[in-house]
Number of protein chains: 2
Amino acid sequence: MTAAALTELRDCLGAGAVLTAPEDRIAYETGARYDRGRALAVLRPASTAEVAAAVRIAVRRGLHLIPQGANTGLVAGSTPDDSGAQVILSLERLKSCFEPDFDNRSLHLGAGHRLSDVNARLAPEGLFFPIDLGADPSVGGMIATNTGGARFLRYGDVRANLLGVTVVLADEAGTILTLGGPLHKNNTGVDWKQLFTGTSGAFGIIAEAVLKLHPLPGDQAAAILVPASGAAVLPLLRRMEAALGPALTAFEGMSGPAMQAALDHVPSLRDPFGGAVPDYAILAEVSTPRPGAETLLGEVLERLLEEEPDLLADARFGAHERTWALRHALSEGVKAKGRLIAFDLSFRRGDIMRFCEEMKAELPAHFPGITICDFGHIGDGGVHFNLVADPASPLATDPEQELRLRDMVFDRVVTRFGGSFSAEHAIGRKNRRWYEIYTPDAERRLSRALSAATSPAGLGAVSFA
Amino acid sequence: MTAAALTELRDCLGAGAVLTAPEDRIAYETGARYDRGRALAVLRPASTAEVAAAVRIAVRRGLHLIPQGANTGLVAGSTPDDSGAQVILSLERLKSCFEPDFDNRSLHLGAGHRLSDVNARLAPEGLFFPIDLGADPSVGGMIATNTGGARFLRYGDVRANLLGVTVVLADEAGTILTLGGPLHKNNTGVDWKQLFTGTSGAFGIIAEAVLKLHPLPGDQAAAILVPASGAAVLPLLRRMEAALGPALTAFEGMSGPAMQAALDHVPSLRDPFGGAVPDYAILAEVSTPRPGAETLLGEVLERLLEEEPDLLADARFGAHERTWALRHALSEGVKAKGRLIAFDLSFRRGDIMRFCEEMKAELPAHFPGITICDFGHIGDGGVHFNLVADPASPLATDPEQELRLRDMVFDRVVTRFGGSFSAEHAIGRKNRRWYEIYTPDAERRLSRALSAATSPAGLGAVSFA
């Protein structure tokens, strides 16, 4: 029966669009972090209509589809389980549509386009899609995770910059729904695209999108700030927001251990601190339409250094790219330091530093051999609370220990601080355990109703029901 | 049976919170434009718990509730029909909660607070909720209509500034759901608050909200621009967006007839054109964190006047408030001019002027005695396409004529231009006819499923099923 299904899929999509050999499947089966599954096959449709055709066959044959973009997600939301029965539906070939409307600052495009390609093609018109990430995801994947990134403070998440989607439902008809479109403003009913955003493809396969574009800044400048204390970080952010308004495009926190790990393990980095890495530093970025970003940021920092010595201990300008290089190297540095146990958390902005302080005081006693290398997006309350376990620590090898650690951290985050256990990575197999623990029954009941009404055949790596 | 229900409601909410006398009901039964219904009673609960208690009684007694905020909506979405059987549930007393978190730039509050009060209370902290409207709606009403306003270009709509809601469902239990909260970033499942935003209270009663706040600009300046032609409006907007980025906080179009109506009928207005009102003008506003808004706008306009005479014919600065006074008077002026037939439309930005040109060429032939007095939010594609009928025209008195006109305009908007028949007023009894015409069956099927899963007893002035 499986063989018959594959034959039917090959007849429909073309033999080259149905991969079954293990060496062809492996890149699609392997996630960017942690996960590795096994798929029956990988489908590579080239159009929305082909996605719908593949879905019809899969639904009729009882095959469970896992939509996959560029497979850069970090929570096993786009890879199959290890049953060998699930089928990956890769959206990487959905690239034929690329229709910008510059007057409208919008872009209709296939879900397979990569973020870097989109922005390279828009740059000559002075426009861009303002999501800023270390990875290079596809448009569909960004929507399925509602990703945020380093300039959320100024531009918001994908949801805030999404005008429309075309989704294919996992029903017998392979229904194609176009929800929203190029209009910036439209209130003629339920905004259904919202329910397909950030939900890991569980309710429908995102095949096309209409994105909202922004004018590219003409100038940018960044500085590394050393706050006088952890308690100074939020007052500093508020002063800078008041002084700079939307010109403040990033306010990224970096803990001493995270910076040290980057400096130790990324040889190309230059140390802006001359060896004396502080406990905490902030990368602040200013963007302006015309030249003058550095002057503007310089004026504000000078005033702060003068008037608020209790808040700001030091501020250093560097070349813009070199300044960001430190921030971007944190992830690599932390990974190289030891066994990484990463958390993608968010809080009310005023709670981030408090949470980190509490954890620094408590965690090492429970879990010896751990270093807290947190960094993140102070401006939007997000923190990559990354822990590195010494190779000798039980955490480095014992999955039960890691689970105990995660349960303890998430309980603190959600129960005590009202924070989020997934700020910008969404839900996949790797964190669904905590979705079960923390999601009220009433919301899961709504998810079941939505699921039954959209994709009754089931879809994706996780269910929200 | 009705008497028993009212007694039960009085016992639950207190006698003063259940209004039945016609003179007490009338303000709640009468909409801000067009509509006038008749209610069995008006309920005025003072807390979320009282809303839930009232809902439980209403559901058990089979009473249909119409949630109502400040009743400033324009499409009959918050008033009862004329059956005399529906019960208004006014949220105006939901004001006890007002909990700002300044570090987090968020505000948890009851749905009954008015926009003007919210911003007056936030101003001393240098923060505000950035929706800018002529009316003074309640927080709950703004969410139910997902209103936009004059600074959408910079800050987006209510949805873009909404972090959480607490809703009461019309089910037997009067279920209270808290969806979202103070977190700026959270992707742990379906973002259910979206379903209750812009849907006129049909899925649940909005009792509380958490709003995202923004730093108050320190300085603002506005100018009236006269574009060289209709075709110059969009290129002008794009030049100004590139030059000003997020400092451009409004770009509002005003047609000659709309301005003339305001100047004719609003005596306090000063004519910035010295009697020679142009065919079209634009109010452009610049906001900056610190003093310098007028200098910045002046520099940009000077360069445009010099370098782009084909785009910009003239630009006049005036005192900031006096400049806005003209824009704000358009609505009153148009209303005073004759019988108003208003349309709240939106388009891809490049289509607004084209649509208006087409209508100017065609409408008068079909509907003699009509003047097109359009104005609106060019920056976000919205246009208040307001028509004024001469008292002698059949349109002024014949509802059939008006319906024919509306059908014709909406068909052009939606079918030919892919525009919206309700840009920022949402759906009420007055425009549900076009929801029926233009909403695909698949979306209505989803609405039925979600309606059954949220508020099976039915709720609100309109259903989306």
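What counts, and where the lines are drawn
Residues numbered from 1 in each chain as written. Chains lettered and ligands numbered in written order. Predicted model: local features only at pLDDT ≥ 70, side-chain atom pairs only at ≥ 80, totals over all residues. Heavy atoms only, no water. Helix = DSSP H or I, 4+ residues; strand = E, 2+ residues; numbered from the N terminus. Rg over C-alpha atoms; globule rule 2.2 N^0.38 Å. Buried < 20%, exposed > 50% of the residue type's maximum accessible area, 1.4 Å probe, protein only. Contact = heavy atoms within 4.5 Å. Buried area = accessible area lost by both parts, 1.4 Å probe. Salt bridge = Lys/Arg side-chain N within 4 Å of Asp/Glu carboxyl O. Least-squares fit on C-alpha atoms with pLDDT ≥ 70 in both. UniProt positions renumbered as here; feature names shortened; annotations may be inferred. Axes fitted to C-alpha atoms, helices over the stretch in contact; angles between N-to-C directions. Parallel < 35°, antiparallel > 145°, perpendicular 65-115°, else oblique. Left-handed = near helix turned anticlockwise from the far one by under 90°. Nonpolar A, V, L, I, M, F, W, Y, C, P; charged D, E, K, R; others polar. Domains from an automatic or database assignment. Pairing = 2+ DSSP bridges. Arc of directions from axis to C-beta.

Time to look at the overall build of chain A. When its secondary structure is counted, chain A shows 14 helices and 21 strands. The C-alpha radius of gyration of chain A comes to 23 Å, within 12% of the 23 Å expected for a compact globule of 465 residues. Judged by the C-alpha coordinates and their principal axes, chain A covers about 70 × 55 × 45 Å. Per-residue burial for chain A yields a buried fraction of 61% across its 465 residues.

On to the interface of chain B and chain A. Taken residue by residue, the interface counts 76 residues in chain B and 76 residues in chain A. Overall, the association of chain B and chain A removes approximately 6400 Å² of surface from exposure, summing both partners, and the carbon and sulfur fraction of that is 55%. Run the count over chain B and chain A and you get 16 salt bridges. As a salt-bridge pair, R159 of chain A and D191 of chain B come within 3.4 Å of each other at their nearest N and O atoms. For the side of chain B that touches chain A, the secondary structure elements donating two or more residues are α6 (152-155), β9 (176-180), α7 (233-244), α9 (293-307) and α14 (441-454) of chain B. Sorting elements by how many residues they give to the side of chain B that touches chain A places α14 of chain B first, with nine residues.

Residue and element names in this part refer to chain A. If you trace the backbone, S255 turns up in strand β13 (residues 248-255). Looking at S255, the relative accessible area reads 1%, which means it is buried. Beyond its immediate stretch of four places on either side in the chain, S255 contacts D279, Y280, I372, C373 and D374.

With an axial shift of 0.0 Å and an RMSD of 0.0 Å, the rotation relating chain B to chain A amounts to 180°. Here the transformation between the copies is reduced to the relation of a two-fold axis. Here 100% of the contact residues of chain B are again contact residues in chain A; the copies associate through an equivalent surface.

Moving on: the UniProt feature "domain: FAD-binding PCMH-type" (unreviewed entry) in chain A. The sites that carry the UniProt feature "domain: FAD-binding PCMH-type" (unreviewed entry) are, in the present numbering, residues 35-216 of chain A. The span residues 35-216 of chain A carries 18% helix and 24% strand; its end-to-end C-alpha distance comes to 36 Å.

Next up on the list: the packing of helix α11 (residues 352-366) of chain B against helix α12 (residues 399-416) of chain B. Each packed pair of helices is defined by two parameters, the angle between the axes and the distance between the axes. Residue and element names in this part refer to chain B. In contact at an axis separation of 12 Å, α11 and α12 are set at 150° when each is read in the N-to-C sense. With respect to α12, the element α11 is oriented roughly antiparallel. In this structure, α11 crosses over α12, and the sense of that crossing is right-handed. Along its contact with α11, which presents F355, E358, M359, E362, L363 and H366, the element α12 presents R404, L405, M408, V409, R412, V413 and R416. A class-by-class count of the residues in the contact of α11 with α12 yields seven nonpolar, one polar and five charged.

Attention shifts here to the domain arrangement of chain A. The domain architecture assigned to chain A consists of domain 1 (2-90), domain 2 (98-215), domain 3 (218-266 + 281-328) and domain 4 (338-431). Placing the centre of domain 1 of chain A and that of domain 3 of chain A at their C-alpha centroids yields a distance of 44 Å.

The next point concerns the pairing of strand β5 (residues 98-101) of chain B. The sheet contact formed by β5 of chain B and strand β6 (residues 106-110) of chain B spans four bridges and is antiparallel. Bridged to E99 of chain B within β6 of chain B is H108 of chain B.

As a further point, take helix α2 (residues 22-29) of chain A. Residue and element names in this part refer to chain A. Here α2 has its buried residues at R25, Y28 and E29. Along the long axis of α2, the arc covered by the buried residues comes to 95°, so they all point the same way. Residues of α2 that are exposed and point more than 90 degrees away from the buried face comprise E23 and A27.

The subject of this paragraph is the sheet that holds strand β21 (residues 387-389) of chain B. Hydrogen bonds between backbone atoms are what pair the strands of a sheet, whose relative direction is either parallel or antiparallel. All names here are of chain B. Spatially, the three strands line up as an open sheet ordered β16-β21-β18, and their pairing is antiparallel. Edge positions in the sheet fall to β16 (339-341) and β18 (370-372), since each has one partner strand and no second. The mean inter-strand angle of the sheet, taken between neighbouring strand axes irrespective of direction, is 25°. Note that β16 and β21 share three bridges and pair antiparallel. Residue pairing for β21: L340 is matched across the bridge by V388.

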